[in-house]
Amino acid sequence: MTEARPQATPSPGPEAESSGPGRAGRLWQALVPDRWGWLMLPLLVFLLLVFVAPLAMILARSFTDPAPGLQNYRDFFGSAVYADVLVNTFRISGTVTLLTLLLGFPYAYLMTLASPFWRGVMLLAVLVPFWTSLLVRTFAWVLMLNNTGVVNDFLLSVGLIDEPLTLIRNQTGVIVGMVQVMLPYAVLPMYATMRGVDRRLVQAAEGLGARPIFAFWRIYAPLTAPGVVAASLLVFISSIGFYVTPALLGGPQDVMIGELIVQQISAVLRWGFASALAVILLVVTGVLLLLVSRFVNIGKLLGGGER
Amino acid sequence: MAHTNALAGTGVSIEIDGVVKRYRTMTAVDHVSLTVEPGEFLTLLGSSGSGKSTLLNIIAGFISADAGRVAVGGRDLTKVPPHKRDLGMVFQHYALFPHMNVRDNVAFPLRRRKVAKAEIAQRVQQALDVVELGRLAERRPAQLSGGQQQRVALARALVFQPEALLMDEPLGALDKRLREQLQVEIKRLHRELGTTFVFVTHDQEEALAMSDRIAVLRDGRLVQVGTPVELYERPASRYVAEFLGESNIFTGRCDQGTFVDTTTGVSFAVADHHVGDALVVRPEHVELAAVGATLASGRNAINGTVREVTYLGSGLRVDLDLPDGRRVIARTGTRGIHVPQVGEGVVAHWDPDHALAVADDVISDAKSDPGPDAGSASAA
Amino acid sequence: MTTRFLCRAGLVAVAVLTAIYLVAPVFVVVPTSFNDSSFLEFPPKDLSLRWYESFFTDPAWVNSALNSLQIGVWVTLLSVVLGTAAALAMVRGRYPLRAAVGALLVAPILVPYVILGLAVYALFLELGLTQTILGFVLVHTALAVPFVVINVGSALVSFDERLELAAMNLGASRLTTFLRVTLPNILPSMGAGALFAFITSFDEVVTSIFLAGPDVSTLPVQMWSGVRVQIDPTVAAVSTMLLLITVALFAVAGLVRALGARRAQKALVAAENA
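Residues numbered from 1 in each chain as written. Chains lettered and ligands numbered in written order. Predicted model: local features only at pLDDT ≥ 70, side-chain atom pairs only at ≥ 80, totals over all residues. Heavy atoms only, no water.

Caption draft 1: The arrangement of the sheet that holds strand 10 (residues 221-226) of chain B in detail. All names here are of chain B. Spatially, six strands are ordered 6-7-8-3-9-10 in an open sheet, and the strand pairing comes out mixed. Each of the sheet's edge strands pairs with one partner strand only, and the pair in question is strand 6 (87-90) and strand 10. The average undirected angle you get between the axes of adjacent strands in this sheet is 20°. Here four bridges tie strand 3 (residues 41-45) to strand 9 (residues 213-218), and the two strands are oriented parallel to one another. Bridged to Leu45 within strand 9 is Val216. The sheet strands contacting helix 4 (residues 146-158) are strand 6 and strand 7 (164-168), and the helix crosses strand 6 at an angle near 170°. (Pairing = 2+ DSSP bridges. Helix = DSSP H or I, 4+ residues; strand = E, 2+ residues; numbered from the N terminus. Axes fitted to C-alpha atoms, helices over the stretch in contact; angles between N-to-C directions. Contact = heavy atoms within 4.5 Å.)

Caption draft 2: Region of the structure containing the packing of aromatic side chains. According to the stated counting rule, one finds 30 aromatic pairs over all chains in the structure shown. Through successive ring pairs, a cluster of aromatic residues spans A:Phe105, A:Tyr109, A:Phe216, A:Trp217 and A:Tyr220. Taking NZ or CZ as reference, A:Arg270 lies 4.1 Å from the ring centre of A:Phe273, over its face. Directly above the ring of B:Phe41 sits B:Lys187, whose terminal nitrogen or CZ lies 5.4 Å from the centroid. (Phe/Tyr/Trp six-rings, centres within 6.5 Å; stacked < 30°, edge-to-face > 60°. Lys NZ or Arg CZ within 6 Å of the ring centre and 35° of its normal.)

Caption draft 3: Up close: the environment of C:Ile209. Topologically, C:Ile209 is positioned in helix 9 (residues 206-211). Residues C:Ile209 and C:Gln222, spaced 13 residues apart in sequence, show a C-alpha to C-alpha distance of 9.2 Å. Residue contacts for C:Ile209: discarding those within four places in its chain leaves A:Tyr243, C:Val221 and C:Trp224.

Caption draft 4: Quick look at a nonpolar patch on the surface. All names here are of chain A. Taken together, the side chains of Trp38, Leu41, Val45 and Leu49 present a nonpolar region at the surface, about 400 Å² in accessible area. Summarising the element assignment, Val45 is placed in helix 3 (residues 41-64). Val45 sits in the partly exposed class, given a relative accessible area of 41%. (Patch = residues over 30% accessible without salt bridge, like charges linked within 9 Å, V, L, I, M, F, W, Y side chains within 5 Å. Areas by Shrake-Rupley, 256 points an atom, 1.4 Å probe, with all protein chains shown as cover. Salt bridge = Lys/Arg side-chain N within 4 Å of Asp/Glu carboxyl O. Buried < 20%, exposed > 50% of the residue type's maximum accessible area, 1.4 Å probe, protein only.)

Caption draft 5: Representation of the nonpolar core. Core analysis: the biggest nonpolar cluster contains 173 residues, and A:Leu43, A:Tyr107, A:Tyr243, C:Leu118, C:Leu219, C:Met223 and C:Trp224 have the highest contact counts within it. It is helix 6 (residues 133-158) of chain C that contributes the most residues to this core, 15 residues altogether. In this structure C:Met223 touches A:Leu135, A:Val136, C:Trp61, C:Val235, C:Val238, C:Ser239 and C:Leu242, once residues within four positions along its chain are discounted. Counting residues in each nonpolar core, the second largest holds 86 residues, with B:Ala28, B:Phe41, B:Leu133 and B:Leu174 among its members. (Core = buried A, V, L, I, M, F, W, Y, C linked by side-chain atoms within 4.5 Å.)

Caption draft 6: Examining the confidence of the model for chain A more closely. Residues and elements named next belong to chain A. Counting all residues, the mean pLDDT for chain A is 83, and 88% of those residues have values of 70 or more. Of all helices and strands in chain A, the one with the weakest mean pLDDT is helix 1 (residues 14-17) (37), whereas helix 3 scores best (95). Throughout residues 1-20 the model reports pLDDT below 50, and contacts reaching past four residues in sequence, or to other chains, amount to 48 contacts. (pLDDT = per-residue confidence, 0-100.)

Caption draft 7: Region of interest: the pairing of strand 6 of chain B. Residues and elements named next belong to chain B. Residues of strand 6 alternate between two faces, with Leu87 and Met89 on one and Gly88 and Val90 on the opposite face, all of them buried. With four bridges joining them, strand 6 and strand 7 adopt parallel strand pairing. Residue pairing for strand 7: Val90 is matched across the bridge by Met167.

Caption draft 8: A look at unusual backbone geometry. Between A:Asp65 and A:Pro66 the backbone carries a cis peptide bond, its omega angle lying at 0°. Looking at the secondary structure, you find A:Pro66 in the loop between helix 3 and helix 4 (71-78). Phi at C:Leu97 takes a positive value of approximately 55°, unusual for a residue other than glycine. Counting through the fold element by element, C:Leu97 comes out in the loop between helix 3 (59-92) and helix 4 (98-110). Judged by its relative accessible area of 66%, C:Leu97 falls in the exposed class. Positive phi, close to 55°, is recorded for C:Gln131, a residue that is not glycine. Within the secondary structure layout, C:Gln131 lies in the loop between helix 5 (113-127) and helix 6.

Caption draft 9: A look at the pattern of salt bridges. Residues and elements named next belong to chain B. Counted by the stated rule, this structure contains 30 salt bridges over all chains. Two residues, Arg103 and Glu138, come together in a salt bridge whose shortest N-O distance is 2.7 Å. One end of the pair, Arg103, is in helix 2 (residues 102-112); the other, Glu138, is in the loop between helix 3 (117-130) and helix 4, with 35 residues separating them in the sequence. Since its relative accessible area comes to 28%, Arg103 is described here as partly exposed. When the shortest N-O distance is used, the salt bridge between Arg331 and Glu246 registers 2.9 Å. Taken together, the positions of Arg331 in strand 18 (residues 327-332) and Glu246 in the loop between helix 8 (238-243) and strand 11 (248-255) put the pair 85 residues apart, joining distant regions of the chain. Glu246 sits in the buried class, given a relative accessible area of 13%. Within the structure, one salt-bridge network assembled from shared partners comprises Glu246, Arg317, Asp319 and Arg331.

Caption draft 10: Quick peek at the packing of helix 7 (residues 134-145) of chain A against helix 8 (residues 150-158) of chain A. Residue and element names in this part refer to chain A. Running from N to C, helix 7 and helix 8 point in directions that differ by 25°, and their axes come no closer than 5 Å. Taken together, helix 7 and helix 8 sit at an angle that is classed as roughly parallel. Side by side, helix 7 and helix 8 meet where Leu143, Met144 and Leu145 of the first sit next to Val150, Val151 and Asn152 of the second. (Parallel < 35°, antiparallel > 145°, perpendicular 65-115°, else oblique.)

Caption draft 11: Local environment of the interface of chain C and chain A. Each partner contributes to the interface: chain C provides 87 residues, whereas chain A provides 91 residues. For the chain C and chain A pair, buried surface summed over both sides reaches about 8,100 Å², with 81% attributable to carbon and sulfur atoms. For chain C, the biggest contributors to the area lost against chain A are C:Tyr21, C:Leu22 and C:Arg94; these three give 9% of the whole. Taken together, the connections running from chain C to chain A amount to zero salt bridges. Top contributing element to the side of chain C that touches chain A by residue count: helix 1 (residues 2-33) of chain C, with 17 residues. A per-class count over the side of chain C that touches chain A returns 72 nonpolar, seven polar and eight charged. (Buried area = accessible area lost by both parts, 1.4 Å probe. Nonpolar A, V, L, I, M, F, W, Y, C, P; charged D, E, K, R; others polar.)

So, in structure tokens, the structure goes:
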């Protein structure tokens, strides 16, 4: 039995809190906001007008523009060109996810081992790009990767190559740029999970005779799995919706679905088809998000001072 | 303590009349009626879940009762919002405003009452002087020790000369020494101010040490109200006896001055007018004698074997095993008595006038737990 | 022991390279911005400030920067008000469909920006809100408000509500209690939320590309076209200035935290000695 504490908010009056509310009373309580609950209304109305309504319009338009029916979806799934775009989107996103994990996991792991000072430095290295404008970063890659950029200069001067490599306006550029953008999103959740893992478990396993590598893979890695799964899904979901980086660093061969949507509007004004593309992307994103929410609290992932 | 008068209040009565508070699954306060006399120090004592804090919060106006009324100084407060009740309150973890320094914390109630600036400064300083914290006025609560925070909370609750002061386990977060020191200070404040104090605690020693009267609550019901002496010497029931101090309890039947232990069939003499199913004998009334020694006539006696002897400084505590496996505790002085050895057979005896047959209200509710501080040692 | 040492060495090597990969490109833009030629060399041969001059003398750049500032301020105000109210409702209130509302509150940052950009563009074309400050403010607020809700919400969860009971007991009405006790205690989180909101708006590219046009543009859109069409070295100058602002913000935040830590330490010592 727990001591009856004062309510979170002082109770409004005997009638609201009174003994054993009837069925009707309980229904009333469930449907009608209380004094604080009404404060949700302004934002709710705002989001319904600025967020939900436009999305609903897009959904409707994908079935009605130019003519009612499934024509837009049939166009998309019936054409090899568009299928390529989808495959391309998934391939690039998959590659980006894999690379962020490969770089991010050891990085996050080392953060848990480092002294407070070096951990701070490592965290700063993750946060600086995080807080830097996306366009600044993308522009930086344009400078770095072009034929006379720093990377090619370096490789030429060392003698590894004889003529400049094409690193931009192709898939290499897209992936290099996107991995850099997505790395913080992978490192931060993985680091958060790893920090919560009791390292004494690994020591205990070693004390029980396990070889360090065995102990790491059988004890430590499984315990960090939730963070890894969360990180990879988050990176993958964000990647499939990317527009700016592929548009600036990619070539005509590497069009992702986001770019295709913009092209349909800016170049050919096919509203219905662009809407259908958006709906497809939205559905894929939604399904993946549902998957994430089974592993982690999304709100928590976005909070904690990160964005 | 020349300044104390600056905070002196006029003690008013608090009348609690048939107050009920129900939650979905339980009744937190069940028809409690109680009058706190003007200037009295009354403690609401009970284990967690007894409804003592709920009752205090109803008085303060944070929780509204489902039935009944609360009047302070004859003024019905049932419909008055908390901020117009004019009752000081000290919260469990002080609830000092972390974004204000000590001075602003203490000035808060005066500012709400639109007291003139100069007067605020003067009264805040006086209040802080009373709790001996005048030099820490610029500190933030986080920069104070627990005991200092407690004093600020007291000053803040008293500075506007409330009609009564409510305290919800105010010493719970402090260590033992500090707690005892503050108990003394709170008593002193009470004596000097003359304000009515209502104090909530689960600590029976604290209740005994501080209160003019104690109201024992159990499962939302008022079990007994009385002075510490009354409660200790004349508990109304086994629950109260076990909750306040240590007791030896025998269960049985009481009839015409004789109490028959139902487990063993042994009978004890008790005062004639007693009725009840539990016999309470306080350990300090149990004396020990060697087997075969002659006892004064009319004394109740029972044989046992010494299990443990504990030296307490002021005396001894002796735990006896009875033949049927139950236990009896005796507290004795160290001088001029037979000091028993572990394993020795002894006779425990007491004056029938010190045995009290009371209602056995514990067995009926096997789940009830007197709480960690009850310190009861049941022999039954 | 040696394998473990090698493992650690490998780990450190990967981490160092990753850190360089994360940070270095960002700082390449700084020397580049001082380049004298319109052909972006690194390292630059001749130094000059001509690209900074180009920024401050070109009305297109200056106007877009001013627009971004103006939009950012409005977005910050709007999302702090809407977001704080919503956080109060979320933590303290009772309202129907909690799970659905909760999902809606974070949805804007989870939906790909291209989709929202397209959807809002379609609606705003009809309403005549494209190429208007108001249009940008509305969309950016939808994107920024979740950060305020999350920040203020977590502050409210950890706020000790007994402080409010204490205030009321001491004679403060509900409104006074909120203004004098609740608000000051959640203010730091509102500030953090406001900062997030401003940066979200100031940085937003994708949805802005849809809404912008020759009449009204924002700084990121201007930068976008400066890279997209043909590389305009002015972008390097703008990037450098934005970086400087970021670093300054970091320094201020770090300084505030360091001062706070020192003050807390001093306070602790004082409390022990008292």
